[in-house]
Structure formats: C-alpha cells, structure tokens
Amino acid sequence: MEPYAIDMGGYLAWSRYLANIGPAGLYASYHIVYAPFYLYFLWLSGLVAKIFGLSYFWHSVMIKLWAVLFEALGAWLLYRMAERANQRHTGMVAALCYLMNPGVFVNSSVWGQFDAIPATMLLGVIFLMESGKRNAGALLFLVAVLTKPQSGLLVPIVLYLYFRGFRLERKRVMSLVSGIVAGIALYLLIVMPFYEPTDLCGSKIPAFLDPFWWLFDLYLRSIQDYPYATANAFNFWTLVGGQVQKDTLPFLGLTYQTWGNILFLLSAVYVFYLLYKGKGDVFSVIYGSYLILFSAFMWITKMHERYLLPAIIFIILAAAYDKMHIPAAILTSICVFSNQLVIYIISFRKVYWLQRWDPTAICIAAATLITYVLAMANGYRSIEKKT
C-alpha cells in the first residue's frame, strides 16, 4: 500500500543523502525534527538501495521493514515477560495479537512511520530493569529518546526502576558512575556524526557542552512546528474545539497548554499513587507506563495522530497479566487504528489537517476519552484487587 507521502518523501530524501554524502550537513540541508538514531536505519537503507539500484517502491518497503522487525522483537518481549509471570500460553496469544494489531500495522506497514521502534525499546527497558540490568536498561532508554522524544515521557518510571532499592554502597555507586560514563559515550557516538554547532555555541553554551545542548535545541524547535492544542490527535482537546487552534489561546481562564500540563501532572500523580499501592511490582510498572503514555496523548498539547501507539504494547501485556484489561486493549487499538486511518485517507486528497469540528474526529475522540476513563478506573480496580 502507498505510504503517507509527506513522511516517506522525507525519509527517502534523507536516506539518499546519507548514502551519497554521509551525515555531515544533513540537518542543515533538510528540516529534520528527529534525533539521529533512526537516521542510521535510513542510512543503511540508502546504501542498499544505491548498491542494488532499488526503485522508489522497494526503497520505501525496506524503510518500512525496520519498524516491522521491531514489532517482531516487541512480540517476543511480550511473550518473554508473560512467561516470567507463568503466563506462557497467554504470552503467545499476546504476541500474536500485537503482530496482527491493526493500529500497529497501519503505522508501519501502511503509513511508513516507525513508532513501533521506540515502543519496543521502552518495553525492553522495563524487561532489562526487572532483570537487574539497570545500566543496560538506562542505555536502551537513552537510545529510545534518541529515536523519538516522546519516549522521554517515561523518565519518572525509568528513574524509579533504576534507583529502586538504591543504597550508598561502593558497588552501587560505581555502577551508577560507570552507567553515566557509558551513557555520555553512547550519546556522543550516536550524535556526533550528525552534530552541527548551535547558535549558542561558544557564547552562552561552552563548546564542549554544545553537543548535549544540540539535542534540546532540536527538540525545542521541533515542537514549535505544530503549536496547536491538538495536531490531528483525536483526544480531549478535539472535543472542545482545540483542533489546529494555537495552544496559547485562552481556555477556561487559562490556555490550552496550561490546562494540558496541569491535567497531565494530576494524571501522573494518580499513576504514581497506583505504583505505590502496587508496591512497584512488574504489573504496576507496566500498567503505569500505559497510563502515562495515554495521559500524555489525552492532555498534553501538540499531540499527533500516532502518539498513542506506544501505549498498545503495554496494555496488551497488562491484559496478558489480567484479563480485566482485554476491553481496554481492544478499544485502545481501535482508537489508534481509526485516528491514523482517517488522517491517512484524507492525505490522498492533499488534505493534511482536519477541520476544527470534524464529526468523525469528534466521534473517535469521544471513544478515546471513554477508553481513557475505563483505563484509569481499571488501574485502581486491579491494584485494589491485588492488595
């Protein structure tokens, strides 16, 4: 199927540039809002396409395959984590459900996006942390953030897992120090081939720190591309007329952006309450991650249609632990699928933004809000049942 033309057009152009010229000057030549890690996949794709003379179709198929490979890895992680909880058969079902999930399929195999890559990485972070491999988990989390910045939403949960039971003992302190050093080295290894000095380099930012500021500068500039209450994400703001409305506009005495931040922070407090009640066990961490990602999609402004996708892998795993969450898993998948499908279909008419009060968007946003309320309620019910 045809990919989403704007996104795939960019990926192909970057892929060819990397194959022909290399990473130097890429960010100056194109408007790129992504950190560099995914660009290495595009680089390799471009080299293969150049060597074998691949057509547009096969080049784009190869780009899509990276996300599909990570979906398969994500399915394996679902199985392994369910197996650890003595749910081997359920884990197999969960893995198959993820591989055949319509929301995941549309994102990678149709649209050509790669949200499944950081989604798999985030689940892998929890898998490693729960295996006692804190530094490996932290390094994988860094790579996830260097793939898509939305991965950073799970910073509080990752910090909780990393420092859970931490004591000021020589072994733990040395492990922390070695982890920090490894993180800096890994960051520089990924970033430096693409790095270009920022406007503040040598003036407000010392030259040796500028490679680290470069990432923040990139992300800060990228979020200004679509400064709306919602940017085609069918969430709460769609229901109150926030579609393609500047998030700095007034809403109930504040602004869309301020209300979004307040509501997200309140939701995060609730999630950490559940984490506390669940005594930080694996299930509460998994479900907490799902709720954090869902809460961000529902409340934070500037959200796109694809940003709920990483929540799918977590709710499917939660459903493998407790069948109570199967309805939320099904509904979340349908909402993600529907949101992407609507935006994908209108793109063939050269329409890339829905109108403010689009009836289809409002219906899907209402279903998404109902799913969110169910998910928040089920979180409390499942934790109470355990305790």
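Before any of the text, the structure's been laid out above.
Report on the accompanying structure.

## Details of the packing of aromatic side chains
Then step 1. For the structure on display, the rule yields 40 aromatic pairs.
Then step 2. With 5.7 Å between their ring centres and 70 degrees between their planes, Y11 and Y38 make a pair best called edge-to-face. Highlighted residues: Y11 in helix 1 (residues 5–20) and Y38 in helix 3 (residues 37–52), separated in sequence by 27 residues.
Then step 3. Looking at Y11, the relative accessible area reads 1%, which means it is buried.
Then step 4. Aromatic pair F57 and W58: ring centres 4.9 Å apart, planes at 80 degrees, arrangement edge-to-face.
Then step 5. Under the relative-accessibility criterion, F57 is labelled partly exposed at 44%.
Then step 6. Ring pairs connect the aromatic residues F236, W237, F251, Y256, F283, Y287, Y290, F294, W299, Y321 and Y372, which therefore count as one cluster.

## So, the pattern of salt bridges
Pairing between side chains of opposite charge can happen when the charged atoms of each approach one another.
Then step 1. Tallying each qualifying case throughout the model produces 9 salt bridges.
Then step 2. In this structure, the salt-bridge partner of R164 is E130, at a minimum N-O distance of 3.4 Å. With a gap of 34 residues between them, R164 in the loop between helix 9 (155–163) and helix 10 (170–191) and E130 in helix 7 (residues 116–130) connect regions that are remote in the sequence.
Then step 3. By relative accessible area, which is 27% here, R164 ends up partly exposed.
Then step 4. For D247, the salt bridge goes to K302, with nearest N and O atoms at 2.6 Å. Placement of D247 in the loop between helix 12 (236–239) and strand 2 (250–251) and of K302 in the loop between helix 14 (282–299) and strand 4 (303–304) is noted, with a sequence separation of 55 residues between them.
Then step 5. You can call D247 buried: its relative accessible area is 2%.

Criteria and thresholds
Residues numbered from 1 in each chain as written. Predicted model: local features only at pLDDT ≥ 70, side-chain atom pairs only at ≥ 80, totals over all residues. Heavy atoms only, no water. Phe/Tyr/Trp six-rings, centres within 6.5 Å; stacked < 30°, edge-to-face > 60°. Helix = DSSP H or I, 4+ residues; strand = E, 2+ residues; numbered from the N terminus. Buried < 20%, exposed > 50% of the residue type's maximum accessible area, 1.4 Å probe, protein only. Salt bridge = Lys/Arg side-chain N within 4 Å of Asp/Glu carboxyl O.

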